[in-house]
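Examining the three-dimensional arrangement
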Amino acid sequence: TGNVYVTDNITSASQRHTSITQHRLSQHVSAAEGLLQPPPQEAAVAYGVKKYAEWRMAEAEERAMTEQLNRFRKQQHFESNQKTCAMTVKSIIPSIREELLALMDTDLLTGKLKAHQGDKVAIWNELKVLAICRSVTLAYASALLVLFLRIQLNIVGGYLFLGSLSNGAAPPSPDAMSISAEAQRKYLETARYFVKEGLARLCQTVRVKVSHVMQSYQLTAGVTSDHIVQLLSNLRHELDAECRFVDLLLPASVKSDDPTVAHLLEETRDVLDSEYFTACLTSCVDKSFQMVNNDVIRNLPNQECPLAKAIPHLIPQIQVLLSNRSDFIDALMEMQPLQELSRSVYESFSAPAAAAQPH
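Residues numbered from 1 in each chain as written. Predicted model: local features only at pLDDT ≥ 70, side-chain atom pairs only at ≥ 80, totals over all residues. Heavy atoms only, no water.

**Some details on the packing of helix H4 (residues 120-164) against helix H5 (residues 181-188)**
Running from N to C, H4 and H5 cross one another at 160 degrees; their axes reach a closest spacing of 10 Å. Classified by the angle their axes make, H4 and H5 are roughly antiparallel. Helix-helix and strand crossings are classified by hand; for H4 and H5 the assignment is right-handed. Taking contact as the criterion, the partners of Gln-152, Leu-153, Ile-155, Val-156 and Leu-160 in H4 are, on H5, Gln-184, Tyr-187 and Leu-188. Residues of the contact of H4 with H5, tallied by class, amount to six nonpolar, two polar and no charged. (Axes fitted to C-alpha atoms, helices over the stretch in contact; angles between N-to-C directions. Helix = DSSP H or I, 4+ residues; strand = E, 2+ residues; numbered from the N terminus. Parallel < 35°, antiparallel > 145°, perpendicular 65-115°, else oblique. Left-handed = near helix turned anticlockwise from the far one by under 90°. Contact = heavy atoms within 4.5 Å. Nonpolar A, V, L, I, M, F, W, Y, C, P; charged D, E, K, R; others polar.)

**Notes on the layout of surface pockets**
If you roll a probe as big as a water molecule over the atoms, it shows you where there is empty space left. One number sums up the size of the second largest pocket: a volume of about 260 Å³. Surrounding the second largest pocket, 15 residues form its lining, Cys-243, Phe-245, Val-246, Thr-278 and Leu-281 being those nearest its centre. Only H4, helix H7 (225-242) and helix H10 (275-299) provide two or more residues apiece to the lining of the second largest pocket. Here the element with the most residues in the lining of the second largest pocket is H10; it accounts for five residues. For the lining of the second largest pocket, the per-class residue count stands at nine nonpolar, two polar and four charged. (1 Å grid on protein atoms, 1.4 Å probe; cavity = no way out; pocket = protein on both sides within 12 Å on 5 of 7 lines; lining within 4 Å. Points joined across faces, edges and corners; volume = space filled by probe spheres on them.)

**Considerations on the pattern of salt bridges**
On inspection of all chains with the given rule, the structure shows 16 salt bridges. Close ionic contact of Asp-330 with Lys-90 constitutes a salt bridge, the shortest N to O distance being 2.9 Å. One end of the pair, Asp-330, is in helix H13 (residues 328-333); the other, Lys-90, is in helix H2 (residues 40-103), and 240 residues separate them in sequence. Judged by relative accessible area, which is 44%, Lys-90 ranks as partly exposed. (Salt bridge = Lys/Arg side-chain N within 4 Å of Asp/Glu carboxyl O. Buried < 20%, exposed > 50% of the residue type's maximum accessible area, 1.4 Å probe, protein only.)

**A few points about unusual backbone geometry**
Leaving glycine aside, a negative phi is the common case for residues, and trans is the common case for peptide bonds. Positive phi, normally seen in glycine, also occurs at His-116, with a value near 55 degrees. Its location among the elements puts His-116 in the loop between helix H3 (107-114) and H4.

**A short note on the packing of aromatic side chains**
Here the structure, examined in full by the defined rule, presents four aromatic pairs. A ring pair is formed by Tyr-140 and Phe-289, whose centres lie 5.4 Å apart and whose planes are at 85 degrees; its orientation type is edge-to-face. Placement of Tyr-140 in helix H4 and of Phe-289 in helix H10 is noted, with a sequence separation of 149 residues between them. Relative accessible area serves as the criterion here: at 4%, Phe-289 is assigned to the buried category. With a centroid separation of 5.4 Å and an interplanar angle of 55 degrees, the aromatic rings of Tyr-159 and Phe-349 are classed as tilted. In this pair, Tyr-159 is assigned in helix H4 and Phe-349 in helix H14 (residues 336-350), connecting sequence segments 190 residues apart. Note on accessibility: Tyr-159 and Phe-349 belong to one class, buried. A network of ring pairs unites the aromatic residues Tyr-140, Phe-245 and Phe-289 as a single cluster. (Phe/Tyr/Trp six-rings, centres within 6.5 Å; stacked < 30°, edge-to-face > 60°.)

**Remarks on the environment of Thr-106**
Along the chain, Thr-106 falls in the loop between H2 and H3. The exposure class of Thr-106 is buried, given its relative accessible area of 2%. Distance from Thr-106 to Glu-126, taken between C-alpha atoms, is 8.9 Å for residues 20 residues apart in sequence. Sequence-distant contacts of Thr-106, that is, excluding residues within four places in its chain, are made with Leu-127, Leu-130, Arg-134 and Ile-315. A polar contact is formed between the side chain of Thr-106 and the side chain of Arg-134, at a distance of 3.3 Å. (Polar contact = N/O pair within 3.5 Å; in protein donor to acceptor, adjacent residues only side chain to side chain.)

**Topic: the environment of Cys-284**
For Cys-284, the location among the structural elements is in helix H10. With 144 residues separating them in the primary sequence, Cys-284 and Tyr-140 have C-alpha atoms 8.7 Å apart. When near neighbours in sequence (up to four residues on either side) are disregarded, Cys-284 contacts Ala-143, Leu-332, Met-335 and Leu-338.

Shown next, in the form of structure tokens:
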């Protein structure tokens, strides 16, 4: 009986000890959990930081998507603008062709020869000058026109795209300039100066140089296509050294009372005065003379012939190379230096904070 009593006491004491131990252990665990959980204020701060980080990530993703969309829209707009450039150039080519033919008319002279009127030798000497003048002027005029119109239309295109970025959801860019349809028309019409006055000045300059050089060429002198090509090259070298062709495109006398148009004209002059324009013009003139020379080689007899017999093969160049069937103008517009300058001008005027700084 005593053993049972002792055993019961031991069991009871053991149970009480276990209960006390479990209670104390529970208290320690609760205390530990309390240490691991932040106070209510710190939890709120952590929650706020998490939400802010999530908002910034969402904002960054939205901004990246917007930038990607704008890049896509910009590329689409640029490509569309280049198509507009090509159509505009081709729409003016007929006027250039007719103006050149009027300024260097040979029909009256050939008509006199056929009718046996006037001094035959004098007429042929005039024709030899006009024939060479046509080839040289054609090469310069085509390159100048294509390059000038590409610059004008990419300046306008860049500004229009920059303005399109302000769609009401965001404040307008400080660099964006509103260009009305009327201002665009007035600005682009300044290209008419080159057609009506610049070409006349170009023809006169070329004619003076050609007349001087051709004095030493007798009508009976034997020439080949290589001789004519070399003659054209020599004339170009002298003209490049003596002439400032930019003045034929947009001289200081071309002004506007419209503030927007006046600003666009100043921007254009900045581009025309840049080394990038000069380099691109050189490349375009290289290409146009190359195509004129190819036409000379293609149409002149392979063997040597009197200069008088070569002249009729040179006279039709303007009609042939500036016809709708010719790829002369297309080849100029597809030149890589011209593409690169077009992109540079467009990017300069379509980029915020850079619209007034062509590069």
